[in-house]
Every structure is written in structure tokens, then in C-alpha cells.
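Structural overview
For reference, the chains in residue letters:
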Amino acid sequence: MTMKYKYKAKELPHHYNGCIKTFITIFGMRFSNITVVRKGKEDNSKKIIVPIEYGNKQKYIRFLNASQGGSLDGSFPRIVFELTGFSPNMEMTDNEANIIKCIDDGGNVVYTNSPMWWDVDVSMYITTKNVDDGLQILEQIIPDFRPNESWRVKFLEKIPIVDNILVTLNSGSLTDNWEGDIGDRRYVVWDLSFRTTIPVYGKIHDSLEDGQHVIWDSNVNIDNDVNVRALYDDLTGEIIETI
């Protein structure tokens, strides 16, 4: 059976699932409980929760350099991270025609096409006043990645799917700005490079009619060589009606 068809043009509806935003949030939460302990006199110690934020390394470094001579005690230690690259992962991506379907809380059928998987690169910058603070932070991160860590993430709100993603710690480097005038402030920057693969889902359909793509002028050649016109649903792969 052979088919020739063309799509009926229609306006594409807006959709946004926030898959990338969800990953950014989960990444930040994963490293939000890191602490640094500083020992004082008479065995007194002070525990500091290391703040983490999404941002650009160069802007943060410019802020530190511009603030030399001022009070920056509240700026250390600190973790900053950002997305630095994307690339499609075709090995993990299934056929777009595959459908993920379920029943929502209201008893309605909701479904979407299989997602497009993307490799995502994340750079993390750990800024400290001294090497010891940085080593404490590193040893709360590195042992958990061998060299990867498995995360279970729910990327969709309407469809109860939990995806397993592997977050890999690829490499690390150290930058010590022990340069300049004697009065300049010293800070140490540890760079960590992560990579993972996340799913990016398309539109969530609330009903069959909402997601139906009708193909017109389909010439279907049956075994007896009788040509018929058909309405064909490319989401389900079914012929809806023959004409």
C-alpha cells in the first residue's frame, strides 16, 4: 500500500512545558545544601550555608574585581552556574509519531508525542576566599559523581511521567588570582563541568480532536488496485474515514 498526501495548513498553537527551566531549578536545588565549617578560637566553629545562583561567570568576576578594597565578606563562598551548550541526542530520541498517553485527574485523555532529547552542558563556578573553603565544597560534590549521578525528574505537569537522567561530572579546574598589588583581595575560583541529557516535550493534547492532523488527498492503493481517498490521522496511524 502506497500513499501520497499533503498536510492541510493550519495555525500552530503556542505551547510551553518549561522542561529546560525545570532542569535548571532541579540542578540548583541539588547543590543548595552545601556548607562550609570555619574553626575559630577555643574550638568554636561556624557553619556557613553556601548560596547558589544562576548567573554568568565573567559578570561575577568583573563584580569582584570592581569591588577590590571594599567589603566582600558576604560574597564568599558562593556557587554560580549556567548553561553553556546544547546539542541534539538522536540516539535517545524516538520516532516523533510515538505517543505518550494517560488519563488526567479529571478522567480525560491527555497525550503528547515522544520528546526530543538534548545534551546539555552546565558550568559551575565555586568562588571562595581561600583554598580550604573550596576543598570542603568540592568534597561534598565529587564523591557523589562516579562519574555520574542518576536523577529522577518530572518534566511535565499534566502527564505523570518521571524521566531518569544521568548527570555527569566531566572535569574541573582551579584559578587562583594571587596576583596584582599587595592590597588586592584574593579569591579562588573552581570550575566544574557537567553534562546531561534531558527530554524536551512538545504540545500536550487534551483530546484526540485537539491533536488530530488530517491529511487530505491521500491515494490509498489496496491489494485489488482500487484507489480511494482517505482521512488519515498521523498521530495514531489510523485511517479515520475513506471517501
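Preceding this section is the structure that the text describes.
Reading guide: rules and limits
Residues numbered from 1 in each chain as written. Predicted model: local features only at pLDDT ≥ 70, side-chain atom pairs only at ≥ 80, totals over all residues. Heavy atoms only, no water. Pairing = 2+ DSSP bridges. Helix = DSSP H or I, 4+ residues; strand = E, 2+ residues; numbered from the N terminus. Axes fitted to C-alpha atoms, helices over the stretch in contact; angles between N-to-C directions. Buried < 20%, exposed > 50% of the residue type's maximum accessible area, 1.4 Å probe, protein only. Polar contact = N/O pair within 3.5 Å; in protein donor to acceptor, adjacent residues only side chain to side chain. Contact = heavy atoms within 4.5 Å. Arc of directions from axis to C-beta. Expected span 1.5 Å × (residues − 1).

Attention shifts here to the sheet that holds strand β9 (residues 148-153). One open sheet holds the 6 strands; their spatial order is β4-β5-β8-β11-β10-β9, and the pairing between them is mixed. Either end of the sheet is taken by a strand with one partner, and the two such strands are β4 (52-54) and β9. Direction aside, the axes of adjacent strands within the sheet are offset by 30 degrees on average. Here β4 runs beside strand β5 (residues 78-88); their pairing, made up of 3 bridges, is parallel. By the bridge assignment for β5, E53 is matched with V80.

With respect to the helices and strands, N89 occurs in the loop between β5 and β6 (99-103). Since its relative accessible area comes to 14%, N89 is described here as buried. Looking at N89, its side chain comes within polar contact range of the main-chain nitrogen of M92, at 3.1 Å. Once you skip the residues sitting within four places of it in the chain, N89 turns out to touch W117, W118, D119 and T197.

Turning our eyes to something else, we now look at helix α3 (residues 131-138). Among all positions in α3, only D133, G134, I137 and L138 are buried. Each buried residue of α3 lies within a common arc of 135 degrees when the element is viewed along its axis, so the set occupies one face. The inward-facing, buried residues of α3 contact β2 (35-39), β5, β8 (116-128) and β11 (188-200). Capping the start of α3 is the job of one residue whose side-chain oxygen sits 3.2 Å from the backbone nitrogen of D132: N130.

Below, the discussion takes up helix α1 (residues 19-30). Its 12 residues give α1 an end-to-end C-alpha distance of 17 Å, which sits within 8% of 16 Å, the value for a rise of 1.5 Å per residue. For α1, the set of buried residues is C19, F23, F27 and G28. The inward-facing, buried residues of α1 abut β4, β5, β8, β9, β10 (163-176) and β11.

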